[in-house]
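# Fold and geometry: a report
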Number of protein chains: 2
Amino acid sequence: MTVDEVQKEEFELRKRSSLGQVLMKAARLLNEQAIDRVRARTEQDLRPAHTAVFPHIDLEGTRLTVLAARMGMSKQAVGQLVGELEAMEVVERVPDPSDGRAKLVRFCQRDGKLVLFEGLAVLIEFEAELAEQLGRERIDALHAQLTALLDVLEAPQSLTKK
Amino acid sequence: MTVDEVQKEEFELRKRSSLGQVLMKAARLLNEQAIDRVRARTEQDLRPAHTAVFPHIDLEGTRLTVLAARMGMSKQAVGQLVGELEAMEVVERVPDPSDGRAKLVRFCQRDGKLVLFEGLAVLIEFEAELAEQLGRERIDALHAQLTALLDVLEAPQSLTKK
DNA sequence: AAGATAGTCAAGCATGGTTGACCAAATAGT
DNA sequence: ACTATTTGGTCAACCATGCTTGACTATCTT
């Protein structure tokens, strides 16, 4: 194989965006647009890092340390996010009755429903619009495949020998 | 519907990680692990931002301004990335014969093959390993669905017009 | 009393950008 | 031909995001 052929072949390989790049771009765009919507609707400076906290907060409330552990981050980092969410009145910190040191992070309530509800509705609406354009089954399949991919990526020493 | 029921329903909705979050996490993990491999193998401080440049560099070389336009970034930002890639001897800047102001950014060559080749091989190998665990057809389907998603997200109808 | 644990405060850092000022070469207007 | 403007690129400063580590207080456990 000549030098030129090697170059051409490599060039084609490179041109076909890798899975990682497509993933990255899709994730960035999706998040940007979703966050834009939430911001436009709720007037709150909600950023991706904030939304990452939500799935880890139990309805009864969750301790900061537990959140940090679940998210695989330092408690200081989570503390900052929670602090910002508190300022937006999305979550609140209440003392943990079972431990004087601890506080429970939980969603604020207003008019008898969680404050988060509106913002969440926007996200669900956005996903619904995507489903409309792509087909619900494609979105579901995508979700399932991403989840499978996550399982592999998160498996201890599945691929990366550390 | 009672307050409690509303809360429960919302809670379930929130708990099922949104597409965006799954996407984000998968993208982050995949990129981290891929970059780790490239770094381990090539001893170069290649970061995700760098790899994002590659698909936009033509084999003959491409001007910085063109790169910036293609990537939707400022030329200064691209200039920095290219500068770093130049220091790693991955790309080089050569004067554009057709314009005295311009320079062409192109891949370096060494031993008659592009320097990038090794790093690229690592990425391809990584994707192959993933395919082995998930099944090639799943990876391909994922790629296709992400591409379709990108098309929708990038459609001019989207609110973020640049 | 001696840790361990929950949380906070403060500082700092890496990444990945941005904007503004500027220079030199190219091109257009007259 | 010769300004005037546009264009390609660089330098420098700055910014937002999303973390980290270190030091510290209050409380709980043993």
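Below is a short write-up of the structure. (Residues numbered from 1 in each chain as written. Chains lettered and ligands numbered in written order. Predicted model: local features only at pLDDT ≥ 70, side-chain atom pairs only at ≥ 80, totals over all residues. Heavy atoms only, no water.)

Here we come to the overall build of chain A. Scanning chain A from N- to C-terminus turns up 7 helices and 5 strands. For chain A, the N- to C-terminal ordering of α and β elements is α-α-α-β-α-α-β-β-β-β-α-α. Put simply, chain A has 162 residues, and 44% of those count as buried. Carbon and sulfur atoms provide 51% of the accessible area of chain A, an area that totals close to 8700 Å². (Helix = DSSP H or I, 4+ residues; strand = E, 2+ residues; numbered from the N terminus. Buried < 20%, exposed > 50% of the residue type's maximum accessible area, 1.4 Å probe, protein only. Areas by Shrake-Rupley, 256 points an atom, 1.4 Å probe, with all protein chains shown as cover.)

Residues and elements named next belong to chain B. Judged from the 2 bridges that link them, strand β1 (residues 62–63) and strand β3 (residues 103–107) form a sheet pairing that is antiparallel. Among the inter-strand pairings, R63 is bridged to a residue of β3, identified as L104. Here strand β2 (residues 91–95) runs beside β3; their pairing, made up of 5 bridges, is antiparallel. Each bridged residue has a counterpart across the sheet, and for R93 the counterpart in β3 is V105. (Pairing = 2+ DSSP bridges.)

Right, let's get into the protein's contact with DNA strand D. Residues in contact with DNA strand D amount to 20 residues; listed here are only the nearest, R47 and Q76 of chain A together with T65, K75 and R101 of chain B. The sugar-phosphate backbone supplies 63% of the atoms of DNA strand D found within 4 Å of the protein. A distance of 2.4 Å is found between a phosphate oxygen of DNA strand D and a side-chain nitrogen or oxygen belonging to R47 of chain A. Those elements that place two or more of their residues in the surface near DNA strand D are α3 (48–51) and α5 (75–87) of chain A together with α4 (64–71) and α5 (75–87) of chain B. Among the elements that take part in the surface near DNA strand D, α5 of chain A stands out by supplying 3 residues, more than any other. By residue class, the composition of the surface near DNA strand D is 6 nonpolar, 6 polar and 8 charged. (Near = heavy atom within 4 Å. Polar contact = N/O pair within 3.5 Å; in protein donor to acceptor, adjacent residues only side chain to side chain. Nonpolar A, V, L, I, M, F, W, Y, C, P; charged D, E, K, R; others polar.)

What follows concerns the pattern of salt bridges. Taken as a whole, this structure holds 25 salt bridges over all chains when the rule is applied. Connected via shared salt-bridge partners are R39, D45, R47 and E84 of chain A. (Salt bridge = Lys/Arg side-chain N within 4 Å of Asp/Glu carboxyl O.)

Around DNA strand C there are 19 residues in total, and K75 and R101 of chain A together with R47, Q76 and G100 of chain B lie nearest to it. Close to the protein, within 4 Å, the atoms of DNA strand C are drawn from sugar and phosphate at a rate of 65%. Contact between DNA strand C and R93 of chain A: a phosphate oxygen at 2.7 Å from a side-chain N or O atom of the residue. Here a base oxygen of DNA strand C sits 2.6 Å away from a polar atom, N or O, in the side chain of Q76 of chain B. Elements that contribute at least two residues to the surface near DNA strand C include exactly α4 (64–71) and α5 of chain A together with α3 (48–51) and α5 of chain B.

Residue and element names in this part refer to chain A. Spatial ordering of the open sheet is given by β1-β3-β2, a layout of 3 strands whose pairing is antiparallel. Two strands close off the open sheet at either side, each with one partner strand: β1 (62–63) and β2 (91–95). Together, β2 and β3 (103–107) form the strand contacts of α5, whose direction differs from that of β2 by roughly 110°. (Contact = heavy atoms within 4.5 Å. Axes fitted to C-alpha atoms, helices over the stretch in contact; angles between N-to-C directions.)

As a further point, take unusual backbone geometry. The phi torsion at E89 of chain A lies on the positive side, around 60°, for a residue other than glycine. Within the element layout of this structure, E89 of chain A appears in the loop between α5 and β2.

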